[in-house]
Structures are given as C-alpha cells and as structure tokens.
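Chain residues, written in single-letter form:
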Amino acid sequence: MHDFADLALFITGPTWIRPEARAAAALPEFGHRDAEANKRFDRIFHGLRVLAGLPAEASGSDGMQLCLIPGSGTNALETAVRSLAADDETVLNVSVGAFGDLFHGLALVNGKRAVQLSFPPGEAMDLATVEDALRQHAPAVVTLSHNETSTGVRHADIGDYCALVRRHGALPLVDGVSIFGGESVDLTTMGAAAYATSTQKCLALPAGLGILFASDDAVEKAKHVKNKGYVTDLTRHLDRAAKHQTLTTPSTSLANQLAVQLDYILHEETPAVRFARHRALRDMVHAFAETLPGYRLLAPETARSPSLTTLRCPDGVDSGRLKQVKETLRARGFLFDTGYGKLNVILEGKGHPPIFRIGHMGDMQPAMLTAFLDLLGPALAEAAR
Ligand SMILES: *Cc1c(COP(=O)(O)O)cnc(C)c1O
C-alpha cells in the first residue's frame, strides 16, 4: 500500500506521463547484453536519430553518432565536457541561467580550465558578445544552452552560434535537455559537436538515461583526450553504442517505455503535430499571462521557449505566496512550479519579486493546460491581493 498522490506535473521536468507510456514500464525486464535488448534498443537508437533529423541507421559518414548514458541529462553534459576538452585547453561557458552555470561547474569539477560569459537572467545570448569572448579567450570548447530551463529562454538560432564557434576553431557543446522532442532539432545542419538531452523533459518519460549525440570530429578528438574517467568516457560509451548497447546496465523499465514512446512520437502523434502542439500550448500560456494583472513574461519575445514559460511576479508577491499557490493547486491534483530556487534567492535578495514557471512540454494536452490555468489564474490573483 502507498499514499502516493497522482498529480498532473506542470513543472519543467519530470513531466506528466501518458497512461500508455506509464504502463510500458511493466513490460518484461530483459538482459541488457541479450538479443531481447536489441528488440528495444534498435528501435530506440533508430527513433532518436530520426527525431534528430539523422538517418535511422548510423552509416559512419553521416556526421553524428549517438550514445545512451545511464543517469540523466547531467551525465551526458559531463561526459561531453570531460571527453572533449584537454587539460591544457580553455573551455568557454556561455550561460543565460542556472543550467548554463551547471555546465560551467561540470567543466570546473572535472579539472578543466574554464571561463564563463554570463548574461543576466531572462536575457538571450547575442552573437557580438559571444564573438568578443571567443576572441578574448581563444577556447577549444564552448558550451551553449539551446533552451535555458531556469528562465524559459530558447535560442532558435543556436545553429548560428555553433557556426560562429566553429569559425573560431572551437567545438560547440549544446545543452538541449529541455527542448529535444519538443520542437524540430536538426543535427545535420546545427553544427553542434555534442548535443545532450534526457528522457524526462520533452520526451515525457521518467529520468534514467542521458542522450548524447557527438559529431565525427568530436569523436575523433575524444580518442586523444586523457583522463576521461569511466562512466564519463565518450569513447567507451560510443564503443558500446555501436552495438546499440549502453556501457553500464540501463533501467530496463525505462528502455521499454522509451521504445514504446518513440514509436508513438514518430508514427502515431508524428513530430510535426507534436511540435505544433507545443507551440499551441505556449501560445495559450502567453494569452493567459496577458490576463494576469501585474505578472509579466520574463523572456524577450524573440526567445520564448515552446517547452516552458517563465513569469515575473508583481511587487508584493514573494516566494512564500508562490508556495501557497503551489499548495492550493496540489489540493486540486496539480503540481505547480514555484520557480528555480537559487534564481529566486538571488532576485529576492536584490529586492526584486520572484519568478515562477509553467512547464508545457512532453505529452501535455491543451485541455489539461486549460484546467490548470483555470485554477492558477484565481490563485495568482489572490496571491497579488
Ligand atoms: C533538466 C536539465 C538539466 C539537468 O538534467 P538532469 O536530467 O536533471 O540531469 C540540464 N540542462 C537543462 C537545460 C535542463 O533542463
């Protein structure tokens, strides 16, 4: 017996899981080096590649290789930065928020020589400022955020940044954790040397696997980088991935779910419909935000994420009130996101009101969002009174 509440998650990951994907966790366990594993993992490798705009089968010359890393998105980010920067090279971290800062921290704790370029929370990066930093630091590796989950800023032009980084002779490593599966991602044209994501954001499954794509030139470089650890060694992961396996034991429940979910995304819902649904959900949240007196969208219009939206509270609404809103919504079966904790500590420390987020990624349907917003509107108005 348990007393686990079945809440509809409107946080920014993990996300609500559709009943069919939830049930797929109960499919049979299997041996991860047995032929049964390939029934799941062939479909998973093919499906993820297709979702990234790549041919289903790696040909060795199509430019990008895929590995699956037990753990979560952070494991994929750490593997990328540890395996692709040598000790005597500089890593430039471009950050527009907390997850950009995480990427920087991962470089530092792995002993890399890392410098950071930070933009204020809520702002997008810009090409001229990034180029100045490239000139100043001459990095060999640059980390970038496709979609910053702490602020709701999405860089639609991430490919332009990858091209800029490559013109300066460096490898661009892209954090796509909270966007892959939520909008079209074409790794054949983006120019990323590494692109990382995970299962519990726009793919709408439990966490348990980091998903990492690496370009052929990055794969070649990793062979010569020393001190890559074991579970953070891109080369080892790719050796196993060539057989559609993982380096260490994966969650067999999650593998069952991921195989079923990719079939659904690619063949039932179809990617075009999925991406249009994400845009429609975002538009619904923007329209909702217009009706809320005093609350404002944080991200600039050109950079608003299709997977989550961040709002800034009016003066007088503090984190304590947001926590009350959360409990009001919990009592009605929803989990509300009171904002990225560390960011709100900083904002409130400077005398600014906090921010909060509405996750609208994964398999959320418009009717679910409407039900949530219908309760959230009055709760936020009450909080501002
Ligand atoms: C969630 C998230 C991460 C961390 O991923 P985990 O799967 O929690 O390890 C990193 N970057 C971004 C942008 C994220 O949204």
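Residues numbered from 1 in each chain as written. Predicted model: local features only at pLDDT ≥ 70, side-chain atom pairs only at ≥ 80, totals over all residues. Heavy atoms only, no water.

### Notes on the pattern of salt bridges
Stated precisely, the cut-off is as follows: When a carboxyl oxygen of Asp or Glu lies within 4 Å of a side-chain nitrogen of Lys or Arg, that pair is called a salt bridge. Segments assigned H or I by DSSP are reported as helices when at least four residues long, segments assigned E as strands when at least two residues long, and all are numbered from the N terminus. Remark: exposure states derive from per-residue accessible area (1.4 Å probe, protein chains only) relative to the maximum for the residue type, with buried under 20%, exposed over 50%, and partly exposed in between.
All chains considered together, the criterion is met by 21 salt bridges. Among the ionic pairs, aspartate 6 bridges to arginine 22, the shortest N-O distance being 2.9 Å. Remark: arginine 22 occurs in helix H1 (residues 19-23) and aspartate 6 occurs in the segment before strand E1 (8-9); sequence separation between them is 16 residues. Among the residues examined, aspartate 6 registers a relative accessible area of 56% and is labelled exposed. Among the ionic contacts, a cluster of salt bridges with common partners joins Arg18, Glu20, Glu269, Arg274, Arg277 and Asp363.

### Some thoughts on the sheet that holds strand E14 (residues 355-359)
Under the convention used in this document: Whether two strands pair depends on DSSP finding at least two bridges between them.
Reading across from one edge, E11-E12-E14 is the order of the three strands in this open sheet, with antiparallel pairing throughout. Each end of this open sheet is capped by a strand with a single partner; those strands are strand E11 (296-297) and E14. Pairing of strand E12 (residues 308-312) with E14, which is carried by five bridges, proceeds in the antiparallel orientation. Looking at E14, one finds that arginine 312 is bridged to isoleucine 355.

### What about the sheet that holds strand E2 (residues 64-70)?
Sheets are built from strands that pair by backbone hydrogen bonding, the pairs being arranged parallel or antiparallel. Keep this limit in mind: Every axis in this analysis is a line fitted to C-alpha atoms, fitted for helices over the stretch in contact. Angles between the N-to-C directions lie between 0 and 180 degrees. Should any heavy atoms of two residues lie within 4.5 Å, those residues are counted as being in contact.
With mixed pairing, seven strands are arranged side by side in an open sheet as E2-E10-E9-E8-E5-E3-E4. Each having just a single partner strand, E2 and strand E4 (113-118) make up the two edges of the open sheet. Each strand axis lies, on average, 20° off the axis of its neighbour in the sheet, ignoring direction. When strand E3 (residues 90-95) meets E4, the two strands line up parallel, connected through six bridges. Of the residues in E4, the one forming a bridge with asparagine 93 is glutamine 116. Packed on one face of the sheet, helix H4 (residues 98-109) meets E3, E4, strand E5 (141-145) and strand E8 (171-175) and runs near 165° to E4. Taken strand by strand, helix H9 (residues 234-241) contacts E2 and strand E10 (209-215), and its axis lies near 100° from that of E2.

### Comments concerning the confidence of the model for the protein
Short version of the rule: Every residue is assigned a pLDDT by the predictor, reflecting its confidence on a scale from 0 to 100.
Across the protein, pLDDT averages 97, with 99% of residues at or above 70. Across the protein, the secondary-structure element scoring lowest on mean pLDDT is helix H13 (residues 341-349), at 94, and the one scoring highest is E5, at 99.

### A word on the site of the ligand
Applicable threshold: Being near a molecule or strand, for a residue, means having at least one of its heavy atoms within 4 Å of it. Nitrogen and oxygen atoms within 3.5 Å of one another constitute a polar contact, given that in protein one can donate a hydrogen and the other can accept it, and given that sequence-neighbouring residues count only through two side-chain atoms. Residues were grouped as follows: Ala, Val, Leu, Ile, Met, Phe, Trp, Tyr, Cys and Pro as nonpolar; Asp, Glu, Lys and Arg as charged; and all remaining residues, including Gly, as polar.
Neighbouring the ligand are 13 residues; Ser72, Thr74, Thr149, Asp175 and Lys201 lie closest to it. Separating an oxygen atom of the ligand from a side-chain N or O atom of serine 72 is a distance of 2.5 Å. Note that an oxygen atom of the ligand is positioned 2.8 Å from one of the backbone N or O atoms of glycine 73. A per-element tally of the shell around the ligand places helix H3 (residues 73-84) first, with three residues. Grouping the amino acids of the shell around the ligand by side-chain chemistry returns three nonpolar, eight polar and two charged.

### Some remarks on the nonpolar core
Put simply, the rule is: Put simply, buried Ala, Val, Leu, Ile, Met, Phe, Trp, Tyr and Cys residues joined by side-chain atoms within 4.5 Å make one nonpolar core.
With 84 residues, the main nonpolar core has Leu48, Leu144, Tyr195 and Phe213 as its most contacted residues. In terms of residue count, the dominant contributor to this core is helix H10 (residues 252-269) (eight residues). If we skip the residues at most four places from it in the chain, tyrosine 195 touches His146, Val174, Gly176, Ile179, Phe180, Val185, Leu187, Met190, Ile211, Leu212 and Phe213. Core analysis: the second largest hydrophobic core is formed by 28 residues, Phe10, Leu281, Phe372 and Leu373 among them.

### What about H13?
Rules: Along the arc lie the directions from the helix axis toward the C-beta atoms.
Listing the buried residues of H13 in full gives Leu343, Asn344 and Leu347. Angular distribution of buried residues about the axis of H13 spans 95°; they occupy a single face of the element. In H13, the exposed positions angled more than 90 degrees off the buried face are occupied by Lys342, Val345 and Gly349. In this structure, the buried residues of H13 make contact with E12, helix H12 (319-330) and E14. Directly beyond the C-terminal end of H13, a positive phi value near 85° is found at glycine 351.

### Observations concerning the packing of aromatic side chains
A ring pair, where both rings are aromatic, is described by two values, the distance of the centres and the angle of the planes. Put simply, the rule reads: The rule is short: rings of Phe, Tyr and Trp, with Trp giving its six-membered ring, pair when the centres are within 6.5 Å, and they are stacked under 30 degrees, edge-to-face over 60, tilted in between. Throughout this description, the term charge over a ring refers to an Arg CZ or Lys NZ atom that lies within 6 Å of the ring centre and within 35 degrees of the ring normal.
Summed over the entire model, instances satisfying the criterion amount to nine aromatic pairs. What links up through ring pairs into an aromatic cluster is the set Phe10, Phe334 and Phe372. One residue, arginine 18, lies across the ring of tyrosine 264, its end atom 3.6 Å from the ring centre. Here the guanidinium or amino end of lysine 201 rests over the ring plane of phenylalanine 99, the centre of that ring lying 5.4 Å away.

### Structural notes on helix H2 (residues 35-51)
Three or four residues apart is the spacing at which side chains of an α-helix point the same way, because the helix has 3.6 residues per turn. Keep this limit in mind: One fewer than the residue count of a helix, multiplied by 1.5 Å, yields its expected span. The bend at a residue is defined as the angle formed between two axes, one fitted to the seven residues ending at that residue and one fitted to the seven starting there.
Here H2 contains 17 residues, and its C-alpha end-to-end distance of 24 Å stays within 8% of the 24 Å for a straight helix at 1.5 Å per residue. Approximately 30° is the largest bend angle found in H2, and it occurs at phenylalanine 41. Along H2, the positions that sit buried rather than exposed are Ala37, Arg40, Phe41, Ile44, Phe45, Gly47, Leu48, Arg49 and Leu51. Put simply, aspartate 34 is the residue that caps the front of H2, since its side-chain oxygen is 3.0 Å from the backbone nitrogen of glutamate 36.

### Observations concerning the packing of H12 against helix H14 (residues 366-383)
To keep it simple, the criterion reads: Throughout, a crossing is termed right-handed when the near helix is turned clockwise from the far one, and left-handed when it is turned anticlockwise from it by less than a right angle.
Running from amino to carboxyl end, H12 crosses H14 at an angle of 145°, the nearest separation of the two axes being 10 Å. The element H12 and its partner H14 pack so that their crossing is right-handed. Each of Arg321, Leu322, Val325, Thr328 and Leu329 in H12 lies in contact with H14, whose residues at this interface are Phe372, Leu375, Leu376, Ala379, Leu380 and Ala383. Residues of the contact of H12 with H14, tallied by class, amount to nine nonpolar, one polar and one charged.

### Section: the packing of helix H11 (residues 271-290) against H14
Between two packed helices, what matters for the description is the angle formed by their axes and the separation of those axes. Rule in force here: For classification, angles of less than 35 degrees are called roughly parallel, those exceeding 145 degrees roughly antiparallel, those between 65 and 115 degrees roughly perpendicular, and all remaining angles oblique.
Across the interface, H11 lies against H14 with an axial gap of 11 Å and an inter-helix angle of 20°. As the angle between them shows, H11 and H14 are arranged roughly parallel. Taken as a pair, H11 and H14 cross one another with a handedness that is right-handed. In this structure, H11 contributes Arg277, Leu281, Met284, Val285 and Phe288 to the contact, and H14 contributes Pro366, Leu369, Thr370, Leu373, Leu376, Gly377 and Leu380. By residue class, the composition of the contact of H11 with H14 is nine nonpolar, two polar and one charged.

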